[in-house]
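Chain by chain, the residues run as shown.
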Amino acid sequence: MGVFFGKAINRRDQPVNLLRGCRGANQHHHVKRRDQHAAIDQIKVQRVVQLALRERRPSLLILVDFPEFNLRLAKLAKSIQVPVLYYVSPQVWASREGRINRIKKFVSMMVVLFKFEEEFYKQRGIQTACVGHPLIDLAKPALEKQEFLNNFRIDPSKKIIALLPGSRKQEIKIILAV
């Protein structure tokens, strides 16, 4: 998701000193997907990023997804008066709603993908903006709804349930036991 945020930033007239891959950008450290589930790597990366935050004191910290890691960084940023913009909200509306207290305390602005998330956060007093899901324009149905129903002999009066595993390999392995 960060790449979509970077592209949006690049569309601005003024260069921004925020992300790798953006015009005029300055990135200190990048957390790769493979690091996310390795506790030792997380600790190392967290220390490096914490040190960089304290030394550089950026004008804004932008966090993308990965709440287990990023909410700790948000806490540190708040303690040194660095505002936090959080892109791709933790799904607190689905589970672990207790995180909302940490978000309210440490995140300056939550940028969400879905309108219902915007309402959820605003009802809890958190400054929020909905920017829409960046993949919505990329996903084009191969068939029109009626054609799909006809091809698969699905009764249009019945409900359809889809099993859609998460994007992380670990989630797919756990959910589908692949």
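Residues numbered from 1 in each chain as written. Predicted model: local features only at pLDDT ≥ 70, side-chain atom pairs only at ≥ 80, totals over all residues. Heavy atoms only, no water.

Q: Could you give me a rundown of a positive patch on the surface, with the residues and numbers involved?
A: Together, Arg 72, Lys 75, Arg 96, Arg 102 and Lys 105 give the surface a local cluster of positive charge. Mapped onto the positive patch, the elements with two or more residues apiece are α3 (67-79) and α4 (99-106). Counting through the fold element by element, Arg 72 comes out in helix α3. (Patch = residues over 30% accessible without salt bridge, like charges linked within 9 Å, V, L, I, M, F, W, Y side chains within 5 Å. Areas by Shrake-Rupley, 256 points an atom, 1.4 Å probe, with all protein chains shown as cover. Salt bridge = Lys/Arg side-chain N within 4 Å of Asp/Glu carboxyl O. Lys, Arg positive; Asp, Glu negative; His and termini not counted. Charge placed at Lys NZ, Arg CZ, Asp CG, Glu CD. Helix = DSSP H or I, 4+ residues; strand = E, 2+ residues; numbered from the N terminus.)

Q: Tell me about α3, and please be specific about residues and values.
A: The terminal C-alpha atoms of α3, which comprises 13 residues, lie 18 Å apart, in line with the 18 Å expected from a rise of 1.5 Å per residue. Among all positions in α3, only Pro 67, Phe 69, Asn 70, Leu 71, Leu 73, Ala 74, Leu 76 and Ala 77 are buried. Gln 81 lies just past α3 and shows a positive phi near 60°. (Expected span 1.5 Å × (residues − 1). Buried < 20%, exposed > 50% of the residue type's maximum accessible area, 1.4 Å probe, protein only.)

Q: Provide a residue-level description of the pairing of strand β2 (residues 84-87), including the pertinent values.
A: Alternating residues of β2 divide into Val 84 and Tyr 86 and Leu 85 and Tyr 87, and every residue in both groups is buried. Across four bridges, strand β1 (residues 61-64) lies against β2 in parallel orientation. Residue pairing across strands places Leu 63 opposite Tyr 86, the latter belonging to β2. As judged from the three bridges shared by β2 and strand β3 (residues 109-112), these two strands associate in the parallel manner. Paired with Tyr 86 across the strands is Met 110, a residue of β3. Note that the unit made of β2, α4 and β3 has a crossover that is right-handed. (Pairing = 2+ DSSP bridges. Right-handed = clockwise from strand over helix to strand, strands pointing away.)

Q: Residues and numbers for the pattern of salt bridges, please.
A: Evaluated as defined, the whole model comprises four salt bridges. The salt bridge involving Glu 97 is made with Arg 124; its shortest N-O contact spans 3.3 Å. Pair noted here: Glu 97 is in the loop between β2 and α4 and Arg 124 is in the loop between α5 (115-123) and β4 (128-130), with a separation of 27 residues, a long-range link. On the accessibility criterion, Glu 97 (39% relative accessible area) is partly exposed.

Q: Kindly report on the nonpolar core, identifying the contributing residues and their values.
A: One finds Leu 61, Leu 63, Val 84, Ile 103, Val 107, Met 110 and Tyr 121 to be the most contacted residues of the largest nonpolar core, which totals 26 residues. The set of elements that each furnish at least two residues to this core consists of α2 (39-56), β1, α3, β2, α4, β3 and α5. For this core, the element with the highest residue contribution is α3, accounting for six residues. When near neighbours in sequence (up to four residues on either side) are disregarded, Val 107 contacts Ala 74, Val 84, Tyr 86 and Arg 102. By size, the runner-up hydrophobic cluster in this structure holds seven residues, among which are Ile 62, Tyr 87, Val 88 and Met 109. (Core = buried A, V, L, I, M, F, W, Y, C linked by side-chain atoms within 4.5 Å. Contact = heavy atoms within 4.5 Å.)

Q: How would you summarise unusual backbone geometry if you had to cite specific residues and measurements?
A: Look at Asp 65: it is not a glycine, yet its phi comes out positive at around 55°. Relative to the elements of secondary structure, Asp 65 occurs in the loop between β1 and α3. Judged by relative accessible area, which is 18%, Asp 65 ranks as buried. The phi angle at Arg 153 is positive, at roughly 50°, despite the residue not being glycine. One can find Arg 153 in the loop between α6 (145-151) and α7 (169-176).

Q: Tell me what's going on with the packing of α3 against α4, and back it up with residues and numbers.
A: Running from amino to carboxyl end, α3 crosses α4 at an angle of 35°, the nearest separation of the two axes being 9 Å. Note that α3 runs across α4; the crossing there is left-handed. Judged by residue contacts, Pro 67, Glu 68, Leu 71, Arg 72, Ala 74, Lys 75 and Lys 78 of α3 engage Arg 99, Arg 102, Ile 103, Lys 105 and Phe 106 from α4. Broken down by class, the residue content of the contact of α3 with α4 amounts to five nonpolar, no polar and seven charged. (Axes fitted to C-alpha atoms, helices over the stretch in contact; angles between N-to-C directions. Left-handed = near helix turned anticlockwise from the far one by under 90°. Nonpolar A, V, L, I, M, F, W, Y, C, P; charged D, E, K, R; others polar.)

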